[in-house]
Amino acid sequence: MKKNIISYVVAVVVSVGLILLVCGTKGVLTSHLTQQEIIKYVCDGFFVAAVVLLGMGGLTWASGQGTFDGLGYTFSLWKEKFTNHKKDWHKREDFQEYKERKAEKKKNRKINHFLVMGGVLMIVAAILMIVYNFAF
């Protein structure tokens with residue numbers, strides 16, 4: 001439970017940071033802008049944060065499904081080849097064993113906080129876009 005709360009807090013902090021970064025680069029916090037421009041730039045900030053969080057959730061989900069296991073296995077073989085100077089000829093782990101070992105580690109990985117926060121931010125961005133389109 002505590003780990004879930006911490007995950008959501010981190011997602012909120014990252015989201016707020018991205019929103020402030022986008023709004024700050026557009027001058028929302030420092031310049032004198034019209035209400036139309038402010039809503040547009042705040043909408044951009046929410047959209048960027050939503051896309052980043054949804055992308056992180058998607059990549060985490062794909063990784064949990066074993067999408068990147070082949071790359072990880074290849075890099076582990078390269079690492080073993082170039083760092084093993086003793087030339088010991090022990091039996092290497094085959095790809096199936098590697099996938100099973102990685103699957104055990106990935107069982108408890110949660111991605112809900114990325115998807116929930118990204119979805120909420122996307123809804124807020126859509127509401128701001130509707131306000132921008134119909135109010136001005």
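As a reminder, the structure under discussion sits directly above these lines.
Residues numbered from 1 in each chain as written. Predicted model: local features only at pLDDT ≥ 70, side-chain atom pairs only at ≥ 80, totals over all residues. Heavy atoms only, no water.

Draft legend 1. Molecular detail of the overall build of the protein. When you go through the protein residue by residue, the secondary structure sums to five helices and zero strands. Helices (α) and strands (β) of the protein occur, in sequence order from the N terminus, as α-α-α-α-α. Along the first, second and third principal axes, the C-alpha set of the protein runs to 70 × 30 × 25 Å. Taken over 136 residues, the protein has a buried fraction of 25%. Put simply, the protein shows about 9900 Å² of open surface, and 66% of that area lies on carbon and sulfur atoms. For the protein, the distance from the average site of its 18 positive side-chain charges to the average site of its 10 negative ones is 4 Å. (Helix = DSSP H or I, 4+ residues; strand = E, 2+ residues; numbered from the N terminus. Buried < 20%, exposed > 50% of the residue type's maximum accessible area, 1.4 Å probe, protein only. Areas by Shrake-Rupley, 256 points an atom, 1.4 Å probe, with all protein chains shown as cover. Lys, Arg positive; Asp, Glu negative; His and termini not counted. Charge placed at Lys NZ, Arg CZ, Asp CG, Glu CD.)

Draft legend 2. Examining the environment of D94 more closely. The topology assignment puts D94 in the loop between α3 (69-83) and α4 (95-106). By relative accessible area, which is 36% here, D94 ends up partly exposed. For D94 and S7, which are 87 residues apart along the polypeptide, the C-alpha to C-alpha distance reads 34 Å.

Draft legend 3. A look at the environment of F68. Looking at the secondary structure, you find F68 in the loop between α2 (35-64) and α3. Assessed through its relative accessible area of 37%, F68 is described here as partly exposed. The spacing of F68 and E100 is 32 residues in sequence and 13 Å in space, taken between C-alpha atoms. Contact partners of F68, with chain neighbours within four places excluded, come to L59, A62 and S63. (Contact = heavy atoms within 4.5 Å.)

Draft legend 4. Main features of the state of the cysteines. On inspection of all chains with the given rule, the structure shows zero disulfides. C23 takes part in no disulfide bond, and the closest cysteine sulfur, belonging to C43, lies 10.0 Å away. Using a relative accessible area of 6% as the deciding quantity, one classes C43 as buried. (Disulfide = S-S within 2.5 Å.)

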